[in-house]
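Summary of the model geometry
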Amino acid sequence: MNDVSENTYLENINKAKTTDELKKIEIELLGRNGVINNLLKKIKDIPPDQKREYGQKVNSLKKKIEEKIEEKKQILKKNSTKSFFDKTLPGKTYPKGSLHPLTYIIEEIAEIFSSLGFIRVSYPEVEWEYFSFEALNMPKGHPARDDFETFFIDFPENKQYGKMVLSPHTSSGQNREMKRTTPPIRMINIAKTYRPNWDTTHTPMFHQFEGLCIDKNINITHLKGTINYFVKKFFGPKRTIRLRPAHFQFTEPSFEIDVSCGVCGGTGEINNKKCKVCKSGWLELAGAGMVHPNVLKAGGIDVNKYSGWAFGFGPERCMMMREEMAIDDIRILYSGDIRFLENF
Ligand code: DAH
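Cut-offs used in this document
Here, residues in each chain are numbered from 1, in the same order as that chain's written sequence. Thresholds applied to this predicted model are a pLDDT of at least 70 for local features of residues and 80 or more for the giving and counting of side-chain atom pairs; totals over whole chains, interfaces and linings are not thresholded and use all residues. Side-chain measures were taken over the full set of non-hydrogen atoms in the model, leaving aside hydrogen atoms and water. In this analysis a 1.4 Å probe is tested at points of a 1 Å grid over the protein atoms alone, and where it fits but cannot get out there is a cavity; an open set with protein on both sides within 12 Å along at least five of seven lines is a pocket; lining residues have an atom within 4 Å of a point. Grid points are joined across faces, edges and corners, and a volume is the space filled by probe spheres set on the points. Just so you know the grouping, Ala, Val, Leu, Ile, Met, Phe, Trp, Tyr, Cys and Pro go in nonpolar, Asp, Glu, Lys and Arg go in charged, and all remaining residues, Gly too, go in polar. Note on aromatic pairs: the rings of Phe, Tyr and Trp (six-membered ring only in Trp) are paired at centre separations within 6.5 Å, and the planes decide the class, stacked below 30 degrees, edge-to-face beyond 60, tilted for the rest. Put simply, DSSP H or I for four residues or longer makes a helix, DSSP E for two residues or longer makes a strand, and each gets a number counted from the N terminus. Summary of the burial criterion: residues with accessible area below 20% of their type's maximum are buried, those above 50% are exposed, and those between are partly exposed, where the area comes from a 1.4 Å probe applied to protein chains only. Lysine NZ or arginine CZ positioned within 6 Å of the ring centre and within 35 degrees of the ring normal marks a charge as sitting over the ring. The term polar contact refers here to a pair of N or O atoms within 3.5 Å; inside protein, the definition further demands a hydrogen-donor-capable atom paired with an acceptor-capable atom, and it admits residues adjacent in sequence only when both atoms are side-chain atoms. For this analysis, residues touch if any pair of their heavy atoms sits within 4.5 Å. Throughout, near means a residue has at least one heavy atom within 4 Å of the molecule or strand. Here, Shrake-Rupley sampling with a 1.4 Å probe gives the accessible areas, and only protein chains in the shown set may cover a residue. Given a helix with a known number of residues, its expected span is that number minus one, times 1.5 Å. Read the arc as the range of directions from the helix axis to the C-beta atoms. In this document the domain limits rely on a domain assignment from an automatic tool or a database. Salt bridges, as used here, are contacts in which a Lys or Arg side-chain nitrogen is within 4 Å of a carboxyl oxygen on Asp or Glu.

So, on to the layout of surface pockets. In this structure, the second largest pocket spans a volume of roughly 210 Å³. Lining of the second largest pocket is provided by P95, K96, G97, S98, L99, H100, P101, I338, L341, E342 and F344. Each residue belonging to the lining of the second largest pocket can be placed in one class, and the counts come to six nonpolar, three polar and two charged.

Take a look at the structure:
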């Protein structure tokens, strides 16, 4: 009995991989014919003056072995419950991430217009006043500018372009697109837009998509045909549109576009009662019109050669109208509430 053999015994215990293996080692060491008992039996051959020390050593070794075996037993027990595998138990499900619902909607919109040959573009969200207003026939001090309540950025004014703003609508992209390229133009500009409103129907950040078509001999029928195509693809083949006269500074003539209500089928009634969703059979969808000559001129387009139309939609509204979502507070879309987002 020496330190080397002691270490070997303890190491062997440590190496045991199963309880059976450990049992075998236990018998080898502590069994009736085991190492410890054999050492104890040898005590008769030890000179009397060394018997005491010898006995103490054997007992201390026995104790160490017993402790080590106990410790190892616990470890093996713990591990065996850990690796317990029951293939009949249901698997673990991990939470699955997804894109924001509006991202899916935007992709879908982009695809519909791309199938008609519209090029998706992207213009600055931090924009100059000029592109948001002047270039759209809304000079400084024009009251129509008030309709587009605007976030102003604390940044030195630009001599040519005025103050820096957060783009209040995607119409800002019209002038940039006219300057970027030459007709024929088929633009779809889908972007974040900003206005300082915060209530159940407004968030300070929202989205718009802007269509712009400029070419020779473009007229209202092209506008109507394009929006009709979009509406049938996006909302379904039964939905129809109507144009109502309206006013925007950047289009002449201007229209509001309505889409027939999907809940009452455009009749405005369900079982002889007014449809609660639309009240009239129609839902307001977008603004549109023939691009004002001043806007074309600002974009460097020859108004004697070209004409065009434009429209502006809100994808949030499109999504809620299509999914017939009864959202009483639009802010939930951007609250980051996982319970809401998980539904998509
Ligand atoms: N820019 C308008 C808004 O934010 C929407 C709009 C109306 C865009 C008419 C257009 C248009 O292109 O022709 O309310």
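What follows deals with the packing of aromatic side chains. Scanning the entire structure with this criterion turns up 22 aromatic pairs. For the ring pair F209 and F313, a centre distance of 4.8 Å and an interplane angle of 20 degrees mean the geometry is stacked. Highlighted residues: F209 in strand β5 (residues 205–215) and F313 in strand β11 (residues 307–313), separated in sequence by 104 residues. For the pair F209 and F313, a shared accessibility class is recorded, and that class is buried. Among the aromatic side chains, those forming a connected cluster through ring pairs are F113, F118, F209, F230, F234, F235, W309, F311 and F313. Over the ring of F152 we find K163; its NZ or CZ atom is 5.4 Å from the centre of that ring.

Let's shift gears to the side chain of R145. Structurally, the position occupied by R145 is in the loop between α6 (129–132) and β3 (164–166). In this structure the side chain of R145 is engaged in a polar contact, spanning 3.0 Å, whose partner is the backbone oxygen of M138. Discounting chain neighbours no more than four positions away, the residues touching R145 are E129, F133, E134, M138, P139 and K140.

Right, let's talk about the site of the ligand for a bit. Around the ligand, 16 residues are found, and the nearest of them are H169, S171, R195, Q208 and E210. Interatomic distance of 2.9 Å between a side-chain N/O atom of S171 and a nitrogen atom of the ligand. Within the side chain of E210, a nitrogen or oxygen atom sits 2.6 Å from an oxygen atom of the ligand. In the complex, 91% of the free accessible area of the ligand, which totals 350 Å², lies under the protein chains. Among the elements of the structure, β5, β10 (282–291) and β11 are those that each provide at least two residues to the shell around the ligand. When grouped by side-chain class, the residues that make up the shell around the ligand number six nonpolar, eight polar and two charged.

Attention now moves to helix α2 (residues 19–30). Under the 1.5 Å per step criterion, the end-to-end length of α2 is 16 Å for twelve residues, consistent within 8% with the ideal 16 Å. When we look at burial in α2, the residues that qualify are L22, I25, E26 and L29. Considered in projection along α2, the buried side chains sweep an arc of 105 degrees and stay on one side of the axis. Residues of α2 that are exposed and point over 90 degrees away from its buried face: D20, K24 and I27.

Turning our eyes to something else, we now look at the domain arrangement of the chain. What the domain assignment lists for the chain is domain 1 (3–80) and domain 2 (101–341). Taking the mean C-alpha position of each, domain 1 and domain 2 sit 84 Å from one another.

For the structure on display, the rule yields 18 salt bridges. For E177, the salt bridge goes to R180, with nearest N and O atoms at 3.0 Å. Of the two residues, E177 and R180 both sit in helix α7 (residues 172–180), three residues apart, roughly one turn of that helix. We classify R180 as exposed; its relative accessible area is 53%. Ionic pairing is found between R331 and D329, a salt bridge with its closest N-O pair at 2.9 Å. When its relative accessible area of 21% is taken as the criterion, R331 is described as partly exposed. The exposure class assigned to D329 is partly exposed, which follows from its relative accessible area of 22%.

Attention now moves to empty space enclosed by the protein. This structure, assessed with the given rule, holds one cavity of 30 Å³ or more. Forming the walls of the largest cavity are 13 residues, and the residues nearest its centre are Y123, P124, S167, N189 and A191. Breaking the lining of the largest cavity down by element, the ones donating at least two residues are α7 and β4 (185–194). By residue class, the composition of the lining of the largest cavity is three nonpolar, seven polar and three charged.

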